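# Observations on the three-dimensional arrangement
Next come the chains, spelled out residue by residue.
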Amino acid sequence: MQASQGTLFGESLSEQGPDIGYRGPTACRVAGISYRQLDYWARTGLVEPSIKSATGSGTHRLYSFRDILVLKVVKRLLDTGVSLQQIRIAVGRLRERGVDDLAQVTIMSDGASVYEFTSADEVFDLVQGGQGVFGIAVGRVWREIEGALATMPTESLGDEASGAPMAVAGDELAARRARRQAG
């Protein structure tokens, strides 16, 4: 049994509402990157927050589960020496996929190029040809992120406008009740 409340209530963290997200420091912690990297990647369009962009000094970005998944994949690609240019191409391909499709993707690289596969046969063909050096199973990264985010605070777009306190993952039931009563 998984210890995630989202799973307990029949909803995984990746299926949260479109206005529920995570602030930059949480995204950094889970993806294993510095805030400086996060800021640079957002400003250059590599991985932008899909829920809320910063609109000036003192405003906060909100990252979705999918955004954090892509951040962690980018970090892993960088750690293995893939160029930022190739990573931008890979991120573009990941953006084109639906959320459900991401869990089925394996990303492989020979250090120069990045390849995306959805079947074991495709991976085998690349490795057999002697080209593949490493691979990232996005589904495995997905599960790692779900586990890490299960105890992290979330925030709703409405929280800032209403002055309501940030929803805390540890009190998910209360947050769900409040959303039902409000809507």
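Quick note: structure is the one above.
Scope of this entry: the structure provided in the associated data block. (Residues numbered from 1 in each chain as written. Predicted model: local features only at pLDDT ≥ 70, side-chain atom pairs only at ≥ 80, totals over all residues. Heavy atoms only, no water.)

## Observations regarding the sheet that holds strand β5 (residues 134-137)
- Here we have three strands laid out as an open sheet, ordered β4-β3-β5, and antiparallel in their pairing. Strand pairing shows two members of the sheet lacking a second neighbour, β4 (114-117) and β5, which therefore form its edges. Within this sheet the neighbouring strands show an average axis-to-axis angle of 20°, counted without direction.
- In the sheet, strand β3 (residues 106-109) pairs with β4 via four bridges, with the strands oriented antiparallel. Paired with Ile-107 across the two strands is Glu-116, which belongs to β4.
- Docked against the sheet, helix α4 (residues 65-79) engages β3 and β5, running at close to 170° with respect to β5.
- Helix α8 (residues 138-149) contacts β3 and β5 of the sheet and is inclined by roughly 50° relative to β5. (Pairing = 2+ DSSP bridges. Helix = DSSP H or I, 4+ residues; strand = E, 2+ residues; numbered from the N terminus. Axes fitted to C-alpha atoms, helices over the stretch in contact; angles between N-to-C directions. Contact = heavy atoms within 4.5 Å.)

## Quick word on the packing of aromatic side chains
- Across all of its chains, the model carries one aromatic pair by this definition.
- Measuring from centroid to centroid gives 5.2 Å for Phe-65 and Trp-142, while their planes differ by 65°, and the two rings are edge-to-face. In this pair, Phe-65 is assigned in helix α4 and Trp-142 in helix α8, connecting sequence segments 77 residues apart.
- Taking the relative accessible area as the measure of exposure, Phe-65 reaches 4% and is therefore buried.
- On the basis of relative accessibility, which here comes to 11%, the residue Trp-142 falls in the buried class. (Phe/Tyr/Trp six-rings, centres within 6.5 Å; stacked < 30°, edge-to-face > 60°. Buried < 20%, exposed > 50% of the residue type's maximum accessible area, 1.4 Å probe, protein only.)

## As for the sheet that holds strand β6 (residues 155-156)
- A sheet is described by the order of its strands in space; here three strands give the open sequence β2-β1-β6, paired in antiparallel fashion. Lying at the two open borders of the sheet, with one neighbouring strand each, are β2 (62-63) and β6.
- Two elements, strand β1 (residues 20-23) and β2, share two bridges in a ladder whose sense is antiparallel. When the bridges of β2 are listed, Arg-23 appears paired with Leu-62.
- Of the strands in this sheet, β1 and β2 touch helix α2 (residues 24-31), which is tilted by about 80° from β1.

## Structural notes on the pattern of salt bridges
- Scanning the entire structure with this criterion turns up seven salt bridges.
- Arg-61 is paired through a salt bridge with Asp-39; the nearest N and O atoms lie 2.7 Å apart. With Arg-61 in the loop between α3 (35-43) and β2 and Asp-39 in helix α3, the pair connects residues that are 22 residues apart, well separated along the chain.
- What makes Asp-39 partly exposed here is its relative accessible area of 22%.
- Here Glu-144 and Lys-72 are joined by a salt bridge, their closest N and O atoms 3.9 Å apart. (Salt bridge = Lys/Arg side-chain N within 4 Å of Asp/Glu carboxyl O.)

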